[in-house]
Amino acid sequence: MTILMIRHTPPGAAADAGALPARVAGHRLACRDCDSLPALLRCLQRARHSRPALVLIATTAVEAPHWARYGQALRSALEALPVPYIEMASNDDDALDTHLHPQHAPTARVVCSSGHADACRLSLAIAAHRLRALPEGA
């Protein structure tokens, strides 16, 4: 199975080029970059159909009008994910849960002001721990 990492990067900003492991807890790590809330929505909808073992979502700051416009659809997409997700944010204000209040909150929310690399390492460690704890075939 695959772990899907969705990285929301603001328009015009370079996507994080940090090295990621090819596998985590025996699962292949796939990465998708999204530069807008509509792109994030599409990534979440695709995740629903591809059924990864776990989804990691790295969020970034978004202006209020964008939350108002896309919030309901994003909340629906999060609630429709068939697997748990871990959210990474640089502060609480950027977290999806803060804006969307989905019925099913993330398995973990990693808020790491020291940088994306630290948040990513911690999130991958949580994902590895969680996936190793699952029974075979789950």
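Above this note sits the structure.
About the criteria used
- Residues numbered from 1 in each chain as written.
- Predicted model: local features only at pLDDT ≥ 70, side-chain atom pairs only at ≥ 80, totals over all residues.
- Heavy atoms only, no water.
- Helix = DSSP H or I, 4+ residues; strand = E, 2+ residues; numbered from the N terminus.
- Polar contact = N/O pair within 3.5 Å; in protein donor to acceptor, adjacent residues only side chain to side chain.
- Contact = heavy atoms within 4.5 Å.
- Buried < 20%, exposed > 50% of the residue type's maximum accessible area, 1.4 Å probe, protein only.
- Pairing = 2+ DSSP bridges.

Trainee: Sorry if this is basic, but what is going on with the side chain of T59 here?
Mentor: Secondary-structure assignment places T59 in the loop between β4 (54-58) and α2 (64-80). In this structure the side chain of T59 is engaged in a polar contact, spanning 3.0 Å, whose partner is the backbone oxygen of D94. If near-sequence neighbours (up to four positions away) are discounted, T59 is found in contact with H8, E87, M88, A89, D94, A95 and L96.

Trainee: What should I look at first to understand the pairing of strand β1 (residues 2-8) in this one?
Mentor: Moving residue by residue along a regular strand, the side chains alternate between the two faces of the sheet. For β1, the tally of buried residues reaches six of seven residues, placing the bulk of the element in the interior. The pairing of β1 with strand β3 (residues 27-34) spans seven bridges and is classified as parallel. Within β3, the position partnered with T2 by the bridge is R28. As paired strands, β1 and β4 are joined by five bridges and run parallel to one another. Bridged to L4 within β4 is V55.

Just geometry here; none of it tells us what the structure is for.
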